[in-house]
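Summary of the model geometry
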Amino acid sequence: MTSKERILNKCAKAADGAFAMPELDDIAAVEYPDPLKQFCATSEAVGGKVVELADNQDINELVRSLFPEARRIASNLTEISIADTNPDLVENACELNGTDLGIIRGEFGVAENGCIWIPQTMKQRAVCFISENLVILLPRQNIVNNMHEAYKRISFNDYGYGTFISGPSKTADIAQVLVMGAQAARSVTVILI
Amino acid sequence: MKVGLFIPCYVDALFPEVGMASLKLLRHLGVEVVYPQGQTCCGQPMANGGFEKQATHLARKFEDKFGNFDYVVAPSVSCTAFVRHNYPSLIKDCKVADKALDIVEFLHDVLKVKGPLGRFPHRVSIHNSCHGVRELGLSSPSEQNIPKFNKIRDLLQLVEGIDVVEPERPDECCGFGGLFAMEEKAVSQRMGCDKISRHAATGAEYVTGPDSSCLMQLSASAERLGLDIKCKHVVEILASGL
Amino acid sequence: MSTFHSKSAKSFLKDEKYSSWHDKTFWSVRQKRDAMAEKLDEWEQLREKASRIKLHTLSHLDKYLEEFSGNAEKNGVKVHWAADAAEFNEIVFGILSSHGVKKLVKSKSMLTEECEMNPYLEARGIEVVETDLGERIIQLKGQKPSHIVMPAIHLNHDDVGELFERKGISDQPGNHDPSYLTYMARLSLRGEFLSADAGMTGANFGIAATGDIVVCTNEGNADMSTSLPKLQISAIGLEKIIPDYASLAVFQRMLCRAGTGQPSTTYTSHFRKARCEDGEMHIILVDNGRSDWLADPAHREILKCIRCGSCMNTCPVYRRSGGYSYSYFIPGPIGINLGMLRSARQHSGNLSACTLCRSCETVCPVKIGLAEQIYSWRQSLSGLGTFNRSKKLMSDAMSLVFNHQGLYDAATGAESVMNIVPRDWMPFGLRFPRKPFHKLVKEDDK
């Protein structure tokens, strides 16, 4: 007998089927009068920054003004013209090390916790983590209240990876002092488009 | 309504005044209360220490003494909780489990006492004993997001001249825990000292609670730290001046 | 009358300043958690749902395991099954050696701690680098975690600063500022990520309906570990499988709120496939005792645990004794229970570390009866032969006295009450009443 068979047999014997799956649609989950406002407040609370793109404002100019020092910028978004590295064209993900700014797209935001759904849409997803600073472009009408709504909405493509990001990488592992910028992006700026 | 008064062993031996106050208070409220002689211990100390079997005889004895009352009332939350929650698994056809009430519950929920009680012109800090909070529901546990309530506070507020406060960390354990206090002496003493310090920080002259074992731990801690704060069971305060 | 825990706790408490800091630090995490719970009117409803989803999944675990592994395989993932720690370690080593891996970067996993994987791989020439900052610190220090969520919490910034100086990670001697130290660790770990041949993660959840492995981190280290190397291995305990995304929503909302008092971890990552065409993703499902615990109705519900650590943070005994006062590598209420399941004989010395205050059960996001389980383990101690003799004598004496009215009357008569009440319980100045209540009331009734 393989370990798989042994484990499954033991579980089958022990699992008595006694408990039905509870109803989950009746959860009285939090909703906000203005989800976008709540999303912005939560994002700031988790260490992120939210900026609105004004009508007729050029996204590249806005990013440039936010990160005047950034030299190496990585993005595969067609509207981003200031990028000098395209994560779709990078053969070895390690080459993205040293990226000052990564610019990616988020599908929707979650008001209750500042999460943004980022399905992998580039060959090297490392750009989402290895960049010193991360800019996420997020359509401002795409905000849901809570994670129940969020998980009804997520979808995967062929890359088979997706993540919720809520603010910059952080740690409090040294003496419980909160420090932004542990192993991944040291800052996250959400640009509402 | 026939009410049997259960006075747990350590209250009987060490805090007879708590028993007397219970009797006085219940009689004052017009309750027909009987103290059946020959009662000893509910068995909780042995069971919590890991010797539940030794509690079985005591549970049977308890059932004999109290089975025919409408309510069994005790001035001790942990003993009441043990009778209510553990007896049904110890003895067959247990009748007393559902009738056992801590005196705070009895006054608050059954008698629904609203009228004036005694007089106690002092600042009093409530000690929310763990088993009162988390096993009998005398107050809303600080861990839970449910509407806030506190039956002890409700009753104390019927006492004339009293100033009721609660400490920071209002329902953290005092560290008594029965045999825990012996096996884990260092942690137990530290918990007791931390707890009484928080009570003292409220400026209270008295700590009051529904369980004399917690209060015993707290007064020992007060002496250890040289704090001028006294402990009194909640029934003593409710009955004071009656 | 002392136990492993009580002896270790006693020495922990000798340093009053440090032990106070420890207590306050974890209490503040509990308070952050409370603030999160209070912001959600549905918190108690979520706890109930979470508990019931887990009970349901466990009571159908064989079906969900098959669904999970079937879906993962459809996604091209290689699924392995490990009956115990030894088989798990062999599988990991087999995968790594067949790919010629010299260096493995990994995110935090209590499962790999449980299986003692790191020393196993290191003995076979594979360098293992922990990439969660706390785990990295204790790895460099040669220690075990003292808390499952904050593994290096027992060290202060000076300890870490000196460690980093010794290991050549920091370049400014005497600079022990946490921000600086975190930055230097970032630079050091960046080098490790870039030179690793494989990445490993644990798993917070496995989703049966999709075959996804879900990993929650604040640092992004699980994502760094798996987006640079092409080989990914994820280790998951059988009990971490949940049915679907609707269930995941419930747990995602609770895990971090309960654990650290944040509304979410920074990263909630869903791994479904190998990250590139020439990459590989392996999932190892680990039993290592879990199927036995599942078969034990008295303790099955321990498998509901999502490892948030909130029972430790709220436990008044954990806060005043620290993670190293427990003999099992997971401390606190959940650790007492897991240790007993792992080896009752070896870990019964932790059972004393509980006042039965039940704060743990009331905090627990999946409503595990942690104190109830400890109570029930205590009942089985005498059968194990590990019970405490003087405690048993005490209990026997109480039992004798309480069962015999004559003895009881004599014992409660006067100062002979000392015979039944332990000396340590006596407040210094407690005066023995002249008469017990049962005699006073007789006189009163006359």
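From a predicted model like this one, the values you see are computed outputs, not experimental measurements. (Residues numbered from 1 in each chain as written. Chains lettered and ligands numbered in written order. Predicted model: local features only at pLDDT ≥ 70, side-chain atom pairs only at ≥ 80, totals over all residues. Heavy atoms only, no water.)

With that settled, consider the domain arrangement of chain C. Residues and elements named next belong to chain C. The domain architecture assigned to chain C consists of domain 1 (4-33 + 309-384), domain 2 (40-155 + 197-291) and domain 3 (389-445). Each of domain 1 and domain 2 has a C-alpha centre, and these two points are 24 Å apart. Facing the 26 residues of domain 1 at the interface are 28 residues of domain 2. Summed over both sides, the interface of domain 1 with domain 2 buries roughly 2,200 Å², with 60% coming from carbon and sulfur. Its largest share of buried area at the contact with domain 2, domain 1 owes to Y324, F329 and K367, together 30% of the area lost on that side. Between the two partners, domain 1 and domain 2, sit two salt bridges. Counting across the domain 1 and domain 2 interface gives 12 residue pairs in polar contact (both at pLDDT 80 or more). Within the residue set of the side of domain 1 that touches domain 2, elements represented by two or more residues are helix 2 (16-39), helix 14 (310-314) and helix 18 (359-363). (Domains from an automatic or database assignment. Contact = heavy atoms within 4.5 Å. Buried area = accessible area lost by both parts, 1.4 Å probe. Salt bridge = Lys/Arg side-chain N within 4 Å of Asp/Glu carboxyl O. Polar contact = N/O pair within 3.5 Å; in protein donor to acceptor, adjacent residues only side chain to side chain. Helix = DSSP H or I, 4+ residues; strand = E, 2+ residues; numbered from the N terminus.)

The partner chain A presents 73 residues to the 92 residues of chain C that form the contact. Between chain C and chain A, a total of about 6,600 Å² is buried, with carbon and sulfur atoms accounting for 59% of that surface. Measuring nitrogen to oxygen at the nearest pair gives 3.3 Å for the salt bridge that ties A:D16 to C:R300. Our enumeration of links across chain C and chain A arrives at 43 residue pairs in polar contact (both at pLDDT 80 or more). Per-element tally for the side of chain C that touches chain A: the top contributor is helix 10 (residues 178-195) of chain C, with 11 residues. Along the lines of polarity and charge, the residues of the side of chain C that touches chain A split into 43 nonpolar, 28 polar and 21 charged. Here five bridges tie strand 8 (residues 161-165) of chain A to strand 9 (residues 267-271) of chain C, and the two strands are oriented antiparallel to one another. Bridging from a neighbouring strand, A:I165 pairs with C:Y267 of strand 9 of chain C. (Nonpolar A, V, L, I, M, F, W, Y, C, P; charged D, E, K, R; others polar. Pairing = 2+ DSSP bridges.)

If you rank the two pairs of chains in contact by how many contacts each has, first place goes to chains A and C. In this structure chain A stays clear of chain B, and the shortest span between their C-alpha atoms is 14 Å.

The next thing to look at is helix 12 (residues 212-225) of chain B. All names here are of chain B. Its 14 residues place the ends of helix 12 20 Å apart at the C-alpha level, agreeing with the 20 Å of an ideal helix rising 1.5 Å per residue. Buried within helix 12 are the following residues: S212, S213, C214, L215, M216, Q217, L218, A220, S221 and A222. Tucked inside the fold, the buried residues of helix 12 contact helix 1 (9-14), helix 2 (16-28), helix 11 (185-201), strand 7 (206-209) and strand 8 (230-233). In the stretch just after helix 12, G226 is the one whose phi turns positive, near 70°. (Expected span 1.5 Å × (residues − 1). Buried < 20%, exposed > 50% of the residue type's maximum accessible area, 1.4 Å probe, protein only.)

All names here are of chain C. Following both chains from N to C, one finds helix 3 (residues 43-59) and helix 12 (residues 245-259) inclined at 120°, their axes separated by 10 Å at the closest point. When the axis of helix 3 is compared with that of helix 12, the two are oblique. Pair helix 3 / helix 12 crosses with left-handed handedness. Between helix 3 and helix 12, the residues in contact are W43, L46, R47, K49, A50, I53 and K54 and S247, V250, F251, R253, M254, R257 and A258, respectively. Here the residues of the contact of helix 3 with helix 12 are counted per class, giving eight nonpolar, one polar and five charged. (Axes fitted to C-alpha atoms, helices over the stretch in contact; angles between N-to-C directions. Parallel < 35°, antiparallel > 145°, perpendicular 65-115°, else oblique. Left-handed = near helix turned anticlockwise from the far one by under 90°.)

Below, the discussion takes up the pairing of strand 4 (residues 198-201) of chain C. All names here are of chain C. With burial as the criterion, each face of strand 4 is covered, one bearing A198 and M200 and the other bearing G199 and T201. By the bridge criterion, three bridges tie strand 2 (residues 103-106) to strand 4 in an arrangement that is parallel. In the sheet register, V105 faces strand 4, and the bridge partner there is G199. Across three bridges, strand 4 lies against strand 7 (residues 231-237) in parallel orientation. Paired with T201 across the strands is S234, a residue of strand 7.

Moving on: unusual backbone geometry. One non-glycine residue, B:D93, lies in positive phi territory at about 50°. Tracing the backbone shows B:D93 in the loop between helix 5 (77-90) and helix 6 (96-99). The exposure class assigned to B:D93 is exposed, which follows from its relative accessible area of 70%. Positioned with a positive phi, C:L356 is a non-glycine residue whose angle comes to about 60°.

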